[in-house]
Amino acid sequence: MYTPTHFRMEDESEMRAVMRSYDFGLLLIPGEPDLAATHIPFKLADERLVLIGHVAMANPASEAIKAGKEAMVVFTGPHAYVSPTWYSRPHENVPTWNYVAVHAFGTLVPLEGVEAERALSSQIADFESEWRITQLEEKRRAMLERAIQPFELEIDRLEGKAKLSQNKPLEERLRIAHALNERGEHAVAYHMIEDEAEEDD
């Protein structure tokens, strides 16, 4: 990911927060057909720095998972168009896009048996307190579990980019954040203001 120094995210905890908040990621497996691009939800297991997910067994990515290949997951955070009319000197600026993104690189580890069931349950638990996979009728559950491949991605590297107008003066950044809030793009505006507050600390 092309990341000029002033847009680079250095704080790992900040990158983890993006992965937790925007957890519908894009799994990419180099060397596979079409990079085996798969859009799926992920759960970040903070204590071990691994991502938990699963794909359909019919998905070509399942074979790469079983083979323990290297992969990356792209997390797209909040993003929004920035108009040159929002600057104090509109004729000196051009349209752009502000956004936050994190790339996680690592090795795929297939999960089976109890580990697979535990991984699936942990994903569900983040969204559903009333239902558990163990509530399914046993034969139905066994059939469904055979149709999916749970896995972990053991993260060995994170790259984060927060392009939030850091290359502009503070006054201009605040103008942009205000305009974004006016348009309902609160998440991007929040990250811009939060980033500025961190720089002041």
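Scroll up for the structure.
This structure is a prediction, so every number in the text was calculated from the model and none was measured.

Each value, and the rule that gives it
Residues numbered from 1 in each chain as written. Predicted model: local features only at pLDDT ≥ 70, side-chain atom pairs only at ≥ 80, totals over all residues. Heavy atoms only, no water. Helix = DSSP H or I, 4+ residues; strand = E, 2+ residues; numbered from the N terminus. Polar contact = N/O pair within 3.5 Å; in protein donor to acceptor, adjacent residues only side chain to side chain. Contact = heavy atoms within 4.5 Å. Phe/Tyr/Trp six-rings, centres within 6.5 Å; stacked < 30°, edge-to-face > 60°. Buried < 20%, exposed > 50% of the residue type's maximum accessible area, 1.4 Å probe, protein only. Pairing = 2+ DSSP bridges. Salt bridge = Lys/Arg side-chain N within 4 Å of Asp/Glu carboxyl O.

Draft legend 1. Highlighting the side chain of K43. Tracing the backbone shows K43 in strand β4 (residues 43–45). Within the structure, the side chain of K43 is placed 3.1 Å from the side chain of D126, a separation counted as a polar contact. If sequence neighbours within four positions are ignored, K43 has contacts with V50, L51, I52, S122, Q123 and D126.

Draft legend 2. Spotlight on the packing of aromatic side chains. Throughout the structure, instances matching the rule amount to three aromatic pairs. Centre to centre, the rings of F42 and F75 are 5.9 Å apart; their planes meet at 70°, and the pair counts as edge-to-face. Within this pair, whereas F42 is found in the loop between β3 (38–41) and β4, its partner F75 is found in strand β6 (residues 70–82), the two being separated by 33 residues in sequence. The class of F42 is buried, set by a relative accessible area of 4%.

Draft legend 3. Looking closely at unusual backbone geometry. For L49, which is not glycine, the phi dihedral falls at a positive 50°. Inspection of the secondary structure puts L49 in the loop between β4 and β5 (50–56). For L49, a relative accessible area of 17% puts it in the buried group. Although it is not a glycine, S165 sits at a positive phi angle of roughly 65°. As for its position among the elements, S165 is in the loop between β8 (148–163) and α5 (170–182). We classify S165 as buried; its relative accessible area is 3%.

Draft legend 4. Geometry of the environment of A125. Topologically, A125 is positioned in helix α3 (residues 113–125). Among the residues examined, A125 registers a relative accessible area of 39% and is labelled partly exposed. Taking C-alpha positions, A125 is 37 Å from Q166, a pair spaced 41 residues apart along the chain.

Draft legend 5. Molecular detail of the pairing of β3. Alternating positions in β3 separate cleanly, T38 and I40 being buried on one face and H39 and P41 remaining unburied on the opposite face. In the sheet, strand β2 (residues 24–28) pairs with β3 via four bridges, with the strands oriented antiparallel. The residue of β3 that forms the bridge with F24 is P41.

Draft legend 6. Representation of the pattern of salt bridges within the structure. Applying the stated criterion to the full structure yields 11 salt bridges. The partner of D126 in a salt bridge is K43, and the shortest N-O contact between them spans 3.1 Å. You can see D126 sitting in the loop between α3 and α4 (138–146) and its partner K43 sitting in strand β4, a full 83 residues away along the chain. Here R141 and E117 are joined by a salt bridge, their closest N and O atoms 3.2 Å apart. On the criterion of sequence distance, the pair formed by R141 in helix α4 and E117 in helix α3 is long-range, its members being 24 residues apart. What makes R141 buried here is its relative accessible area of 19%. Given the relative accessible area of 23%, E117 is considered partly exposed. Where salt bridges share partners, they join E12, R16, R20 and D46 into one cluster.

Draft legend 7. Inspection of the environment of D23 at higher detail. Here D23 is to be found in the loop between α1 (12–21) and β2. Along the sequence, D23 and L170 sit 147 residues apart, while their C-alpha atoms lie 30 Å from each other.

Draft legend 8. Highlighting the side chain of E152. Summarising the element assignment, E152 is placed in strand β8. Looking at E152, its side chain comes within polar contact range of the side chain of R48, at 2.7 Å. Setting aside its immediate chain neighbours within four residues, E152 contacts R48, V50, L51, I52, T107, L108, V109 and L111.

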